[in-house]
Amino acid sequence: MNEFVKTVFATRQKLLKEEEDKCSELTAQIEAAEAGVSEAEAVINEFAGLRSKRKGIFADLLKMGKPTNTEEAKELDSEIAAKREEADRAADVLEVQKELLESLFNDRRQHLNRISELRNLLAVSRYEMFIAGIEETYLPEYLEAARAYAKAATKLAGIGKAAIEMRTNLQENGLRPDCRNYGESMPNRIIDLRLPGFFNMMDNTGGEENAIFDIFKDMEKEKEAVFNSLK
């Protein structure tokens, strides 16, 4: 098979595998970053929930004209104070994680585009490999069979030509054989075994490499061989 076609096919396969591996790696990083985002958002939401709860308590107390420094409010103050540093940290982590996610998504998008491109190129390479197989295997097999057919046809045509000459000689002497006649409507010179779509079908094309066989000389030899065998 054409070595260049094989090399291109193998190279594209290798590049596709590398891109798919890189894309899988980026997907794993994206999943980890998304988990980090969810974790940070949970901390922030918990902190916001505590503050919202404290605001609700303050609102109820103020409506009732009571002071806001109740035990329940103080307990929430302590929880909020304890959570504030964690929430501030989670907010910073969330910002960084989102930036990282944006970068990872962009990188993966580029690799996915490259994967799509390489898959298309690989499809072209598979077709080129298939065509190379036709040229290196199937066309030679056909030509080998065509040569075998042409050889057998040449022998039969030579025998047929001898049969015509024998019958003509008999008829010239007023003899009429009571048997089937062979040799009529035979090719005089060329056997054309071209298959449309695989060979050059233009006129004035010749050569065994194009499945066209000039049988004239060999046909004459076969005819002479018949007459020599009858001497």
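Residues numbered from 1 in each chain as written. Predicted model: local features only at pLDDT ≥ 70, side-chain atom pairs only at ≥ 80, totals over all residues. Heavy atoms only, no water.

## Looking at the pattern of salt bridges
Within this structure, the stated rule accounts for 17 salt bridges. Ionic pairing is found between D214 and R189, a salt bridge with its closest N-O pair at 3.0 Å. Here the residue D214 occupies a position in strand β2 (residues 212-214), and R189 occupies one in the loop between α2 (71-172) and β1 (190-192), the gap between them amounting to 25 residues. D214 sits in the partly exposed class, given a relative accessible area of 43%. On the basis of relative accessible area, R189 is assigned to the partly exposed category, the value being 41%. A network of salt bridges, in which partner residues are shared, links K161, E165, E220, K223 and E224. (Salt bridge = Lys/Arg side-chain N within 4 Å of Asp/Glu carboxyl O. Helix = DSSP H or I, 4+ residues; strand = E, 2+ residues; numbered from the N terminus. Buried < 20%, exposed > 50% of the residue type's maximum accessible area, 1.4 Å probe, protein only.)

## Quick notes on the nonpolar core
Ranked by internal contacts, the top residues of the largest apolar core, which has 14 residues, are I191, L193, F199, A211, F213 and I215. No other element matches the seven residues that α2 contributes to this core. Excluding its chain neighbours within four sequence positions, the residues that come into contact with I191 are Y149, A150, A153, A211, I212, F213 and I215. Within the second largest apolar cluster, ten residues are counted, among which are I30, V37, A90 and L101. (Core = buried A, V, L, I, M, F, W, Y, C linked by side-chain atoms within 4.5 Å. Contact = heavy atoms within 4.5 Å.)

## Here we look at the packing of aromatic side chains
Given two aromatic rings, one states the distance between the centres and the angle between the planes to describe the pair. The tally for this structure, following the rule as stated, stands at one aromatic pair. A ring pair is formed by Y142 and F199, whose centres lie 5.6 Å apart and whose planes are at 40 degrees; its orientation type is tilted. With Y142 in helix α2 and F199 in the loop between β1 and β2, this pair connects stretches of sequence that are 57 residues apart. Y142 sits in the partly exposed class, given a relative accessible area of 29%. On the accessibility criterion, F199 (11% relative accessible area) is buried. (Phe/Tyr/Trp six-rings, centres within 6.5 Å; stacked < 30°, edge-to-face > 60°.)

## Overview of helix α1 (residues 3-63)
Between its first and last C-alpha atoms α1 spans 88 Å; for 61 residues at 1.5 Å apiece the expected length is 90 Å, and the two agree. Looking one or two residues beyond α1, the residue adopting positive phi is G65, at roughly 75 degrees. (Expected span 1.5 Å × (residues − 1).)

## Quick word on helix α3 (residues 216-230)
Helix length check: α3, at 15 residues, gives a terminal C-alpha distance of 22 Å against a target of 21 Å (1.5 Å per residue), a fit within 8%. Three or more residues of α3 are buried, namely M219, E220, K223 and V226. In a view along the axis of α3, the buried residues occupy a sector of 115 degrees, so they form one face of it. Away from its buried face by more than 90 degrees, α3 exposes K217, K221 and S229. Packing partners of the buried residues in α3 comprise α2. (Arc of directions from axis to C-beta.)

## Thoughts on the confidence of the model for the protein
In regions of low pLDDT, the predicted coordinates are not meant to be interpreted in detail. Considering every residue of the protein, the mean pLDDT works out to 89; 100% of them sit at 70 or more. At the level of individual helices and strands, the protein shows its lowest average pLDDT in β1, which scores 88, and its highest in α2, which scores 92. (pLDDT = per-residue confidence, 0-100.)

## What about the packing of α2 against α3?
The interhelical angle for the contact between α2 and α3, taken along N-to-C directions, is 55 degrees, at an axis separation of 7 Å. With respect to each other, α2 and α3 are oriented oblique. As for the relative orientation of α2 and α3, their crossing is right-handed in sense. Contacts from T154, K155, A157, G158, I159, K161, A162, E165 and M166 of α2 reach α3 at F216, D218, M219, E220, E222, K223, V226, F227 and L230. (Axes fitted to C-alpha atoms, helices over the stretch in contact; angles between N-to-C directions. Parallel < 35°, antiparallel > 145°, perpendicular 65-115°, else oblique. Left-handed = near helix turned anticlockwise from the far one by under 90°.)

## Side note on the environment of T168
The residue T168 is located in helix α2 in this model. A relative accessible area of 32% means that T168 is categorised as partly exposed. Distance from T168 to T154, taken between C-alpha atoms, is 21 Å for residues 14 residues apart in sequence.

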